[in-house]
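Understanding the architecture of this molecule
Listed below, chain by chain, are the residues.
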Amino acid sequence: MIAPSILSADFANLASELKAIEGSDWVHVDVMDNHFVPNLTLGLPVVQSILKATDIPVDCHLMIENPERWAPGYAEAGAYNVTFHAEATDNPIAVARDIRAAGAKAGLSVKPNTPIEPYLEILREFDTLLVMSVEPGFGGQSFIAHVLDKAKQVRRLVDAGELRLVVEIDGGINMDTIEQAAEAGVDCFVAGSAVYGTADPAATVEALRQKVIAVERSAV
Ligand code: DX5
Ligand code: ZN
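Not measured: the values here are computed from a predicted model. (Residues numbered from 1 in each chain as written. Chains lettered and ligands numbered in written order. Predicted model: local features only at pLDDT ≥ 70, side-chain atom pairs only at ≥ 80, totals over all residues. Heavy atoms only, no water.)

Examining the overall build of the chain
- In terms of regular secondary structure, the chain is built from eight helices and eight strands.
- Since a compact globule built from 220 residues should have a radius of gyration of about 17 Å, the 16 Å found for the chain is in line with a globular shape.
- Seen through its principal axes, the chain has C-alpha atoms that stretch 40 × 40 × 30 Å.
- Taking as baseline every contact in the chain between residues at least 6 positions apart, the subset at least 24 positions apart corresponds to 61%.
- By element, 49% of the accessible surface of the chain is carried by carbon and sulfur atoms, the whole surface being about 9700 Å². (Helix = DSSP H or I, 4+ residues; strand = E, 2+ residues; numbered from the N terminus. Rg over C-alpha atoms; globule rule 2.2 N^0.38 Å. Contact = heavy atoms within 4.5 Å. Areas by Shrake-Rupley, 256 points an atom, 1.4 Å probe, with all protein chains shown as cover.)

Considering the coordination of the zinc ion (ligand 2)
- Around the zinc ion (ligand 2), the protein contributes the donor atoms His28 (NE2), Asp30 (OD), His61 (ND1) and Asp170 (OD), at 2.0 to 2.2 Å from the metal centre.
- Sequence positions of the donors to the zinc ion (ligand 2) reduce to the motif H-x1-D-x30-H-x108-D. One end of the pair, His61, is in strand S3 (residues 58–63); the other, Asp170, is in strand S7 (residues 166–170), with 109 residues separating them in the sequence. (Donors = N, O, S within 2.8 Å, 3.2 Å for Na, K, Ca; no water.)

Regarding the packing of helix H2 (residues 44–53) against helix H3 (residues 67–77)
- The interhelical angle for the contact between H2 and H3, taken along N-to-C directions, is 20°, at an axis separation of 10 Å. It follows that H2 is roughly parallel to H3 by the angle criterion. Two packed elements cross with a definite hand, and for H2 against H3 that hand is right-handed. The residues of H3 that touch H2, namely those facing Leu44, Val47, Gln48 and Leu51, are Gly73, Tyr74 and Ala77.
- Class assignment for the residues of the contact of H2 with H3 results in five nonpolar, two polar and no charged. (Axes fitted to C-alpha atoms, helices over the stretch in contact; angles between N-to-C directions. Parallel < 35°, antiparallel > 145°, perpendicular 65-115°, else oblique. Left-handed = near helix turned anticlockwise from the far one by under 90°. Nonpolar A, V, L, I, M, F, W, Y, C, P; charged D, E, K, R; others polar.)

Regarding the pattern of salt bridges
- By the definition in use, this model includes seven salt bridges.
- For the salt bridge of Glu125 with Arg97, the shortest nitrogen-to-oxygen distance reads 2.7 Å. Here the residue Glu125 occupies a position in the loop between strand S5 (105–110) and strand S6 (128–132), and Arg97 occupies one in helix H4 (residues 92–101), the gap between them amounting to 28 residues.
- When its relative accessible area of 16% is taken as the criterion, Glu125 is described as buried.
- With its nearest N and O atoms 3.8 Å apart, the salt bridge here joins Glu179 to Lys211. Of this pair, Glu179 sits in helix H6 (residues 178–183) while Lys211 is found in helix H8 (residues 201–219), placing the two residues 32 residues apart along the sequence. (Salt bridge = Lys/Arg side-chain N within 4 Å of Asp/Glu carboxyl O. Buried < 20%, exposed > 50% of the residue type's maximum accessible area, 1.4 Å probe, protein only.)

Below is the structure:
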């Protein structure tokens, strides 16, 4: 799955920017509060407008403090998947259960230097694991390859039937880096600048998808 991030879109023209990525599997929406990360983007009212403007499933990535307070609202609004950060709460299970009870898939995200081992036990409470491959906060940064070890580790557990999870990666994904992520067993690829920085975003989404398909074919 390819999930373009609208962080790199023109926020004054979101409706047309959403049309420009028709054919995408998810649309990735980065919510930042200027506390958990040193940047501020958008919140629930804008997500509600996005939900009205597109049929693409909305993948909310909450880079915010206090997700227990805010995450369920995004699920109630109709987001398909709501992901919050492991580093932002002492009670990730409760947040995941509240998101699921409000009707969305629940996702857990880990920053590049956050180990995954402490969370393996609770991943059964989640539908998505979002592995950050840049420090959260800004688009256009370089891919950090060592995070792929975490993706591989969780992929093995999924393949062994111990977990059911979408393994998603976010940060620095482009035509040069997507193959190594696909080889690591990632299912869903977020791409912001690599998609919206091109003249034909929908064509770029398709080109990224073809790269992943080629890796999958060569693995058979
Ligand atoms: C960064 C965001 C990403 C961002 C990725 O904190 O979570 O979703 O949009 O941007 P690129 O693909 O440009 O690295
Ligand atoms: Zn993101």
